[in-house]
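# Tertiary structure, described
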Amino acid sequence: MLDLNSSYSYLLWCRDFADTSVIARIDGEPAGFITGYTRPENPDTLMIWQVAVNENFRGHGLASTMLHELADRTGALRMETTITDDNAASNRLFQAFAEKRGAGFDRRPLFTPDLYPDGHDTEYLYEIAPL
Ligand SMILES: CC(C)(COP(=O)(O)OP(=O)(O)OC[C@H]1O[C@@H](n2cnc3c(N)ncnc32)[C@H](O)[C@@H]1OP(=O)(O)O)[C@@H](O)C(=O)NCCC(=O)NCCS
C-alpha cells in the first residue's frame, strides 16, 4: 500500500529530486511515477521511495520501464527500496528488475512495527546490486 504524502511534499520533491525521479505520461496525462534519491552517505546507491502506476495502466510493464530508466539515467551501482510483505506486485516488480539486470538480491527487515507510532507493517529493505 502506498502512503499518501502531502501535496507540498511532492512539490518539494519535484523541486529538489527531479534527477532521480520520473513521471510517465500517456496521451499527456500522468500514468505513473517513481520518487527516488541517491543516498547522501553513499551516492552510488539509488534509493527508490515510491512507485505508483494508475490502476488503468497496471500490468503492462510501466513500473518496470520507469525503474530501468532511472537506473540507466543515474548510473547508480546499487538500488535499494523498502517493501511490506503484503505488497505482491511491488515484491515481484523488484525481483523481476534484479533478474533482468542479472543483479544480486538481498532482503532484510529495516523498519519494524515498534518503530512506528501507527502500527505500520515491517518494511523490508531490498538491496539490488550490481546494477
Ligand atoms: C506496484 C506497481 C507500481 C506495479 O506497476 P505495473 O506497471 O503494473 O508493474 P509492471 O507491469 O512493470 O510489472 C513488473 C513485474 O511485476 C509483476 N506484477 C505486476 N503486478 C503484479 C501483481 N498484482 N501481482 C504479482 N505480480 C505483479 C509483473 O508480472 C512483472 O513481473 P514479470 O516481469 O516477471 O512479468 C503497481 O501495482 C501500483 O501502482 N501499486 C500501488 C502502489 C504501490 O503499492 N506501490 C509500491 C509501494 S511504494
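In every chain, residue numbers begin from 1 and rise along the written sequence. Reporting of local features is limited, given that this is a predicted model, to residues whose pLDDT is at least 70; pairs of side-chain atoms are given and counted only at 80 or more, and all residues count toward the totals for whole chains, interfaces and linings. The side-chain figures draw on all heavy atoms in the structure; neither hydrogens nor water molecules are used.

- Looking up the chain in an unreviewed UniProt entry gives the name L-2,4-diaminobutyric acid acetyltransferase, with the organism given as Brevibacterium sediminis.
- UniProt positions are given in the numbering used here, feature names are shortened, and annotations may be inferred rather than shown by experiment. Regarding the chain, the UniProt comment filed under Sequence similarities (unreviewed entry) reads as follows: "Belongs to the acetyltransferase family. EctA subfamily."

## Concerning unusual backbone geometry
- At the junction of Ala129 and Pro130, the peptide bond is cis and its omega measures out at -10 degrees in the coordinates.
- Here Pro130 is to be found in the segment after β6 (123-129).
- Within the chain, Asp27 stands out as a residue other than glycine whose phi angle is a positive 55 degrees.
- Secondary structure is summarised from DSSP: a helix means a run of H or I of at least four residues, a strand means a run of E of at least two, and numbering begins at the N terminus for each. Position of Asp27 among the secondary structure elements: in the loop between β1 (22-26) and β2 (29-39).
- Classification of residues uses two cut-offs on accessible area relative to the type maximum, computed with a 1.4 Å probe and protein chains only: under 20% is buried, over 50% is exposed, and between them is partly exposed. By relative accessible area, which is 79% here, Asp27 ends up exposed.

## Focus on the pattern of salt bridges
- The term salt bridge refers to a side-chain nitrogen of Lys or Arg lying within 4 Å of a carboxyl oxygen of Asp or Glu. If you walk through the whole model with that rule in mind, you get 8 salt bridges.
- For the salt bridge of Arg101 with Asp72, the shortest nitrogen-to-oxygen distance reads 2.6 Å. Here Arg101 is found in helix α3 (residues 88-101), whereas its partner Asp72 is found in helix α2 (residues 62-74), with 29 residues between them in sequence.
- Among the residues examined, Arg101 registers a relative accessible area of 22% and is labelled partly exposed.
- Under the relative-accessibility criterion, Asp72 is labelled exposed at 52%.
- A salt bridge links Arg92 to Glu99, with the nearest nitrogen and oxygen atoms 3.2 Å apart.
- On the accessibility criterion, Arg92 (42% relative accessible area) is partly exposed.
- A relative accessible area of 52% means that Glu99 is categorised as exposed.
- Each of Arg78, Glu80, Arg108 and Glu127 takes part in one network of salt bridges that share partners.

## As for the sheet that holds β1
- Two strands pair under a simple rule: DSSP has to find at least two bridges between them. Spatial strand order, β1-β2-β3-β4-β6-β5: 6 strands in an open sheet with mixed pairing. Two strands close off the open sheet at either side, each with one partner strand: β1 and β5 (104-111). If you compare each strand with its neighbour and ignore which way they point, the axes differ by 25 degrees on average.
- As defined by bridge partners, β1 adjoins β2 across 5 bridges and the pair is classed as antiparallel. When the sheet's bridge partners are listed, Val22 is paired in β2 with Ile34.
- In what follows, a contact means two residues having at least one pair of non-hydrogen atoms within 4.5 Å. All axes here are fitted lines through C-alpha atoms, helices being fitted over the stretch that makes contact, and every angle between N-to-C directions spans 0 to 180 degrees. Here α3 sits on the sheet and contacts β3 (42-53), β4 (78-83), β5 and β6; the angle it forms with β4, its principal contact strand, is near 165 degrees.

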